[in-house]
Amino acid sequence: MKEAYIALGSNISPKADYLEKSLSRLQEHEDIEVLQASPIYETVPVGYTEQSDFLNMVAHIQTSLSAFKLLEVCQEIEQELGRERTIKWGPRTIDLDILLYNQENIETEQLVIPHPRLHERAFVLVPLAELDPNLIVPVIHKSVSDLLAALADEEKEGIAKWKPKNGGNE
Ligand SMILES: Nc1ncnc2c1ncn2[C@@H]1O[C@H](COP(=O)(O)OP(=O)(O)OP(=O)(O)O)[C@@H](O)[C@H]1O
Ligand SMILES: Nc1nc2c(c(=O)[nH]1)N=C(CO)CN2
């Protein structure tokens, strides 16, 4: 069995539904068990900023799948939930990124683990720190809490714990 951390993000309504549906799809997969899910955060868009705020979270899973097979499963879920790739870093119903896979380092054209932008993204590090602040990120050899502490305050200001309103149909 391997352990992995998956980042989930959505910025097309109903955002929380897309996160929940993705988590259920992961949990329903016969070779995946969701061990823990972080709280949901509302986050300002990074990169391409002319878009709606995101909801982001991180899931800790256990799986017998290879990292490549896990990527396929993530991409199938993205497709089923209607993701269209138009603008790079633009709006998406759901994005599933593999952050870490069993302390492994994988560098292929198709898959890079640890996720290459993990260390600079508060919308990933804040929920990941809720699950395990002491987790060491391979290659970088730093803990999640150290990476988070190294981020500029303004990066972290754009991140707030999300509470359901309108019956959770954000
Ligand atoms: N760790 C990873 N998790 C998910 N996809 C990855 C990973 N490493 C490489 N990829 C590749 O990245 C490609 C583009 O992914 P995607 O369109 O979701 O990027 P993005 O989410 O817009 O940007 P970002 O990668 O910065 O989060 C995927 O087709 C996949 O092959
Ligand atoms: N706040 C936030 N910004 C982003 C996100 C995301 O999930 N949350 N995903 C991106 C591309 O993966 C680009 N920018």
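Structural data are supplied above this passage.
Here is what the cut-offs are and how they apply
- Residues take numbers from 1 onward in each chain, read along the sequence in its written order.
- Starting at A for chains and at 1 for ligands, labels are handed out in the order in which the entities are written.
- Local features in a predicted model are, by the rule used here, given only for residues with pLDDT of at least 70; side-chain atom pairs are given and counted only at 80 or more, and totals for whole chains, interfaces and linings are based on all residues.
- With hydrogens and water stripped out, all remaining heavy atoms of the structure feed into the side-chain values.
- For the purposes of this entry, the term helix denotes a DSSP run of H or I that reaches at least four residues, the term strand denotes a run of E that reaches at least two, and both are numbered from the N terminus.
- The buried label goes to any residue with under 20% of its type's maximum accessible area, the exposed label to any with over 50%, and the partly exposed label to all in between, with areas taken from a 1.4 Å probe on protein chains only.
- Any two strands with at least two DSSP-identified bridges between them are counted as paired.

J.: Hey, could you run me through unusual backbone geometry in this one?
T.: Phi is mostly negative for residues that are not glycine, and the peptide bonds are mostly trans. Along the chain, serine 13 connects to proline 14 via a cis peptide bond; the corresponding omega equals 0°. Along the chain, proline 14 turns up in the loop between β1 (2-10) and α1 (15-28). Along the chain, isoleucine 113 connects to proline 114 via a cis peptide bond; the corresponding omega equals -5°. Following the sequence through the fold, proline 114 ends up in the loop between β7 (112-113) and α3 (122-131). Here valine 139, not a glycine, exhibits a phi torsion of approximately 75°, which is positive. On the secondary structure map, valine 139 appears in the loop between β8 (136-137) and β9 (142-143). Look at valine 139 and you get partly exposed, because its relative accessible area is 45%.

J.: Got a minute to help me understand the pairing of strand β5 (residues 95-101) in this structure?
T.: Side-chain positions along a regular strand alternate between the two faces of the sheet. Most of β5 sits out of view: 7 of its 7 residues are buried. The pairing of β1 with β5 spans 6 bridges and is classified as antiparallel. Each bridged residue has a counterpart across the sheet, and for alanine 7 the counterpart in β5 is aspartate 97.

J.: How should I be thinking about the environment of arginine 92 in this particular structure?
T.: The topology assignment puts arginine 92 in the loop between α2 (67-80) and β5. Spatially, the C-alpha atoms of arginine 92 and histidine 141 are 31 Å apart, while their sequence positions differ by 49 residues.

J.: Can you help me understand α3 in this one?
T.: For an α-helix the count is 3.6 residues per turn, leaving residues at separations of three or four pointing the same way. Within α3, 9 of the 10 residues are buried, leaving the element largely enclosed by the surrounding structure. The complete set of buried residues in α3 reads Ala122, Phe123, Val124, Leu125, Val126, Pro127, Leu128, Ala129 and Leu131.

Nothing here speaks to function; it is geometry throughout.
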